[in-house]
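Coordinate inspection notes
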Amino acid sequence: MTVDQAVARHAPPDISAEAAAPSPAKEVGAGLHSGIGSGAPELMRVDPVSGRRWSVPRWLRRTMGPVALLVLWQVLSASGALEAEILASPGTIAATAGDLVSDGTLPSAMLVSLQRVAFGLLLGGVSGVALALVSGLSRLGEDLVDATVQMLRSIPWVGVIPLFIIWLGIGEAPKIALISLGVAFHLYLNVHAGIRGVDAQLVEAGQSLGLSRWGLIRHVVLPGALPGVMTGLRYSLATAWLALVFGEQVNADDGLGFLMNQAREFFRTDVIVVCLVVYALLGLIADFLVRTFERLLLQWRPTFTGQ
């Protein structure tokens, strides 16, 4: 073997030819670029089947249950399976509601009932919030107030109707007092729990920043207790309508309860159901207003809204 042959044998391979030859990957890439530039269809994003699934609107889902119940009710009434003496049909109830509205009986009764709820809610709300502030902001106040309120709360507030009649007579006073009693207890419990549920670290931070006691209450305690206040207000509204039903059974000469008492004497189930529907609608409207007010006041608090 000569020297030239040995050098050629141990020399590195010549890669110039391999570099000059196009690789399959480069050919594919070049083909793609040339295809895109020549007007070929572009690649489209394919969404999964689950992403294209049609969903029923939420408002429709929420109305399906009540509508199905009304349809079933009407079918049972039309077929005779549900007698009118037991429960009137939805069509009869709608016609009765129209008659009560046209002659002014229902609007007048609603106005009287709304006034009773408003006065009772105002009186009970002021009393419950005041007691909760005294008990929640001070240990001395808690020792003086909380035990008494908890003891009275254990008594069924409907059971004090005879005492209210003896003390206040049979006019408007016992009805408003009954509503106030039910409202005050719910607001007291929730406002007191909201105050005592404020994070202690926030209170310490406020003290370290030099806030006075009033500044601490105004800027830390009350905003932190606001969710409890709104929850208590919603419970109080529901209790107010419930107490109104009981209160208007006591020698009422006007209002929704008066209409129900008259309808009971004449076995008018259609009028009774109309009054119950009005109670429910008024309660829903009041709850909607409170929830709207809550969303406006608690925008700083992110909450879980479901999935």
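Going by the structure above, here's the rest.
Just so it is clear, the model here is predicted, and its values are computed rather than measured.

1. What about the overall build of the protein chain?
- The helix and strand inventory of the protein chain stands at 13 helices and zero strands.
- Reading the protein chain from its N terminus to its C terminus gives the helix and strand order α-α-α-α-α-α-α-α-α-α-α-α-α.
- Within the protein chain, the fraction of its 307 residues that count as buried is 30%.

2. Comments concerning the packing of aromatic side chains
- Applying the stated criterion across every chain, the model contains two aromatic pairs.
- On the numbers, 6.1 Å between centres and 90° between planes, the contact of W157 with F246 is edge-to-face. Residue W157 is located in the loop between α7 (139-153) and α8 (161-168), and its partner F246 is located in helix α11 (residues 213-247); the two are separated by 89 residues in the primary sequence.
- Aromatic side chains F164 and W167 sit 6.3 Å apart centroid to centroid with 55° between the ring planes, which places their arrangement in the tilted category. You can see F164 and its partner W167 sitting in helix α8, three residues apart, about one turn around the helix.
- Among the residues examined, W167 registers a relative accessible area of 58% and is labelled exposed.

3. Some words on empty space enclosed by the protein
- Tallied over the full model, the rule gives one cavity of 30 Å³ or more.
- Its volume calculated, the largest cavity comes out at about 40 Å³.
- Around the largest cavity sit I161, F164, I165, P174, K175, L178, G247 and V250, which together line it.
- Elements supplying a minimum of two residues to the lining of the largest cavity: α8 and α9 (173-196).

4. A word on the nonpolar core
- Residues L106, L178, W241 and L256 are the most contacted members of the largest nonpolar core, which totals 49 residues.
- No other element matches α11, which puts ten residues into this core.
- Those residues within four positions of L256 in sequence are excluded, and the remaining contacts are L106, A109, M110, S113, E248, C275, V278, Y279 and L282.

5. Observations concerning the side chain of T96
- Mapped onto the elements, T96 comes out in helix α5 (residues 90-102).
- A distance of 2.8 Å separates a polar atom in the side chain of T96 from a polar atom in the side chain of D270.
- The residues contacting T96, other than those within four sequence positions of it, are R268, D270 and V271.

6. Section: helix α10 (residues 200-208)
- The N-cap residue of α10 is D199: its side-chain oxygen and the backbone nitrogen of Q201 are 3.2 Å apart.
- Immediately downstream of α10, the backbone of G210 shows phi near 90°, a positive value.

7. Thoughts on the side chain of D146
- On the secondary structure map, D146 appears in helix α7.
- Although D146 is buried, it makes no salt bridge; R153 carries the closest opposite charge, 7.8 Å away.
- At a separation of 2.7 Å, a polar atom in the side chain of D146 contacts the side chain of Y188.

8. Focus: the pattern of salt bridges
- For the coordinates displayed, the defined rule picks out five salt bridges.
- Where R116 meets E248, a salt bridge forms, and the shortest distance between an N and an O atom there is 2.7 Å. With R116 in helix α6 (residues 105-137) and E248 in the loop between α11 and α12 (256-265), the pair connects residues that are 132 residues apart, well separated along the chain. By the burial criterion, R116 is buried, and E248 matches it.
- The partner of D270 in a salt bridge is R268, with the nearest N and O atoms 3.0 Å apart.
- A relative accessible area of 8% places D270 in the buried class.
- A relative accessible area of 37% places R268 in the partly exposed class.

9. With respect to the packing of α8 against α9
- Two elements in contact, α8 and α9, have axes whose closest approach is 9 Å; the angle formed by their N-to-C orientations is 135°. With respect to α9, the axis of α8 lies oblique. Viewed along their axes, α8 and α9 form a crossing whose handedness is right-handed. Side by side, α8 and α9 meet where I161, F164 and L168 of the first sit next to A173, P174, A177, L178 and L181 of the second.
- Of the residues assigned to the contact of α8 with α9, the class counts are eight nonpolar, no polar and no charged.

10. Some remarks on unusual backbone geometry
- Even without glycine at this site, F267 takes up a positive phi of about 55°.
- Tracing the sequence through the fold places F267 in the loop between α12 and α13 (269-297).
- The exposure class assigned to F267 is exposed, which follows from its relative accessible area of 69%.

Scoring rules and cut-offs
Starting from 1, residues in each chain are numbered consecutively following that chain's sequence as written. Per-residue local features are limited, in this predicted model, to residues with pLDDT of at least 70; the limit for side-chain atom pairs, both in listing and counting, is 80 or more; totals at the level of whole chains, interfaces and linings are taken over all residues. The side-chain quantities take in all heavy atoms of the structure and omit both hydrogens and water. Going along the chain from the N terminus, every DSSP run of H or I of four or more residues is numbered as a helix, and every run of E of two or more is numbered as a strand. Partly exposed residues are those whose accessible area sits between 20% and 50% of the maximum for their type, while under 20% is buried and over 50% is exposed, using a 1.4 Å probe and protein chains only. Here the aromatic set is Phe, Tyr and Trp, taking the six-membered ring for Trp, and pairing holds for ring centres within 6.5 Å; pairs whose planes are under 30 degrees apart are stacked, those over 60 apart are edge-to-face, and all others are tilted. Lining residues are those with an atom within 4 Å of a point, where the points come from a 1 Å grid over the protein atoms alone and group into cavities, where a 1.4 Å probe fits but cannot get out, or pockets, open sets with protein on both sides within 12 Å along at least five of seven lines. Grid points are joined across faces, edges and corners, and a volume is the space filled by probe spheres set on the points. Each nonpolar core is a collection of buried residues, namely Ala, Val, Leu, Ile, Met, Phe, Trp, Tyr and Cys, held together in the definition by side-chain atoms within 4.5 Å. What makes two residues a contact is simply this: any of their non-hydrogen atoms within 4.5 Å. Under the rule applied, a polar contact is a pair of N or O atoms within 3.5 Å (in protein, one hydrogen donor and one hydrogen acceptor; residues adjacent in sequence only if both atoms are side-chain atoms). Counted charges follow a simple rule, with Lys and Arg positive, Asp and Glu negative, and His plus the chain ends left uncounted. For this analysis, a salt bridge means a side-chain nitrogen from Lys or Arg found within 4 Å of a carboxyl oxygen belonging to Asp or Glu. Axes here mean lines fitted to C-alpha atoms, for a helix over just the part in contact, with angles spanning 0 to 180 degrees between N-to-C directions. Geometric relationships in this document are graded by angle, where less than 35 degrees denotes roughly parallel, more than 145 denotes roughly antiparallel, 65 to 115 denotes roughly perpendicular, and other angles denote oblique. In this scheme, a crossing is called left-handed if the near helix is turned counterclockwise away from the far one by less than a right angle; it is called right-handed if the turn is clockwise. Residue polarity is assigned by list, with Asp, Glu, Lys and Arg as charged and Ala, Val, Leu, Ile, Met, Phe, Trp, Tyr, Cys and Pro as nonpolar; anything else, Gly included, falls into the polar class.

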